[in-house]
Amino acid sequence: MSKKHKETQTKAVGLITLTDPSSPVSEQYRTIRTNIQFASSVDRRLQTMVVTSSGPVEGKSTTSANLAVVFAKSGQRVLLVDADMRKPTVYKTFQLNNTVGLSTLLSTTKEVNEAIQPTVVDNLSILTSGPKPPNPSELLGSQRMNQVIQELKNYFDIIIFDMPPVVTVTDAQIMASKVDGTLLVVRENVTNKESLMKAKDLLKLVNAHVLGTVYNGATQTKDQGYYYY
Ligand SMILES: Nc1ncnc2c1ncn2[C@@H]1O[C@H](COP(=O)(O)OP(=O)(O)O)[C@@H](O)[C@H]1O
Ligand SMILES: [Mg+2]
């Protein structure tokens, strides 16, 4: 495959932090990283975080993947978990096999090290969603999920969970209650105010530690997107 083809392919999946690390959008992802690092303290360490939004196609997966890349580039050991077992996309973005993943860990006796995959990015590993299970919420709410999180914390400095929307299904709420922090993605011209309010209420209900809102600008594909935290 020619270099040009490869780049186009990566761009198509939206990882601007890999294809154009010096772009303003990539810089904004690094700013978010810095803000998260500053929010992490000895008393309240931010090792696990959920990325969600009120509704679909607002940029949860784009944000999770790019944040995972910039954290890895800062030398931290990063795991990106595709915890959206309903509409998984991480395996496509990183062009990985999805026959074994999170759903497998939660429903079989497979060990975490048999399910985690390395990526082309140094320090960045991925746990794909695995095959679609009939009961994602029950799996995420299980005691086994708590064990998996505990175990992963031994191997990684930062674990990012890419989630389904918080308003339509309970998965993100369940996970937000288990992790150290939650990022809420808002997309220009897509997110509506009422559902954003609803999302915040739902997260509050489970005592989620909302770190902030990531504003996903409408023109990101033109490399002029605007992120703010
Ligand atoms: N700011 C943006 N500008 C243009 N396209 C975007 C932007 N953010 C996300 N997208 C695109 O929108 C689609 C949905 O994004 P994704 O991150 O998968 O959303 P979600 O995970 O919230 O459903 C993807 O094709 C992605 O490349
Ligand atoms: Mg997604």
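These figures come from a predicted structure and were not determined experimentally.

Our next topic: helix 3 (residues 24-39). Between its first and last C-alpha atoms helix 3 spans 23 Å; for 16 residues at 1.5 Å apiece the expected length is 22 Å, and the two agree. Listing the buried residues of helix 3 in full gives Val25, Ser26, Tyr29, Ile32, Arg33 and Ile36. Seen end-on, helix 3 carries its buried residues on one side only, within an arc spanning 110 degrees.

With that settled, consider the nonpolar core. Formed by 35 residues in total, the largest nonpolar core has its most connected members in Leu102, Leu140, Phe161 and Met175. Looking at this core, the elements with two or more residues in it are strand 2 (78-82), helix 6 (102-107), helix 7 (136-140), helix 8 (143-155), strand 5 (158-162), helix 9 (171-176), strand 6 (181-187) and helix 10 (193-205). Discounting residues that sit within four places of it in the chain, Leu140 has contacts with Ala83, Met85, Leu102, Leu106, Met145, Met163, Asp171, Ile174, Met175 and Lys178. Grouped together as the second largest cluster of nonpolar side chains are 30 residues, Ala68, Val69, Phe71 and Val214 included.

Mapped onto the elements of the fold, Ser26 is located in helix 3. The exposure class of Ser26 is buried, given its relative accessible area of 0%. Side-chain polar atoms of Ser26 contact the side chain of Ser23, separated by 3.0 Å.

Right, let's get into the pairing of strand 5. Remember that side chains alternate between the two faces of the sheet whenever the strand is regular. Most of strand 5 sits out of view: five of its five residues are buried. Both faces of strand 5 are covered, namely the face carrying Ile158, Ile160 and Asp162 and the face carrying Ile159 and Phe161. Sheet analysis places strand 1 (residues 48-53) next to strand 5, joined by four bridges and oriented parallel. Counterpart to Val51 in the pairing with strand 5 is Asp162. Bridge count for strand 2 against strand 5 is five bridges, and the pairing is parallel. When the sheet's bridge partners are listed, Val78 is paired in strand 5 with Ile158.

A few words on the pairing of strand 4 (residues 124-127). Of the two faces of strand 4, the one lined by Leu124 and Ile126 and the one lined by Ser125 and Leu127 are each fully buried. Where strand 2 lies against strand 4, four bridges are found, and the strand directions are parallel. The partner of Leu79 across the bridge, within strand 4, is Ser125. In this structure, strand 3 (residues 117-118) lies alongside strand 4, joined through two bridges in antiparallel fashion. Residue Gln117 lies in a different strand from strand 4, and its bridge partner there is Ile126. What sits between the antiparallel neighbours strand 3 and strand 4 is a turn of five residues, in which Asn123 has the positive phi angle 70 degrees.

This part is about the side chain of Asn66. You can see Asn66 is positioned in helix 4 (residues 60-73). Asn66 sits in the buried class, given a relative accessible area of 0%. Within the structure, the side chain of Asn66 is placed 3.4 Å from the backbone nitrogen of Ile16, a separation counted as a polar contact. Side chain to side chain, Asn66 and Tyr29 meet in a polar contact 3.5 Å long.

The next point concerns the pattern of salt bridges. Oppositely charged side chains may form a pair once their charged atoms are brought near each other. By the definition in use, this model includes three salt bridges. Glu27 is the partner of Arg30 in a salt bridge, and the nearest nitrogen-oxygen pair spans 2.7 Å. With Arg30 and Glu27 both in helix 3 and three residues apart, the pair spans about one turn of that helix. Notably, a salt bridge pairs Asp157 with Arg77, separated by 2.9 Å at the nearest N-O pair. With a gap of 80 residues between them, Asp157 in the loop between helix 8 and strand 5 and Arg77 in the loop between helix 4 and strand 2 connect regions that are remote in the sequence. Here Arg77 falls in the partly exposed class, since its relative accessible area comes to 40%.

The next subject is the environment of Thr168. Position of Thr168 relative to the elements: it lies in the loop between strand 5 and helix 9. A relative accessible area of 60% means that Thr168 is categorised as exposed. Thr168 sits 113 residues away from Gly55 along the chain, and the two C-alpha atoms are 7.1 Å apart.

Definitions and limits used
Residues numbered from 1 in each chain as written. Chains lettered and ligands numbered in written order. Predicted model: local features only at pLDDT ≥ 70, side-chain atom pairs only at ≥ 80, totals over all residues. Heavy atoms only, no water. Helix = DSSP H or I, 4+ residues; strand = E, 2+ residues; numbered from the N terminus. Expected span 1.5 Å × (residues − 1). Buried < 20%, exposed > 50% of the residue type's maximum accessible area, 1.4 Å probe, protein only. Arc of directions from axis to C-beta. Core = buried A, V, L, I, M, F, W, Y, C linked by side-chain atoms within 4.5 Å. Contact = heavy atoms within 4.5 Å. Polar contact = N/O pair within 3.5 Å; in protein donor to acceptor, adjacent residues only side chain to side chain. Pairing = 2+ DSSP bridges. Salt bridge = Lys/Arg side-chain N within 4 Å of Asp/Glu carboxyl O.

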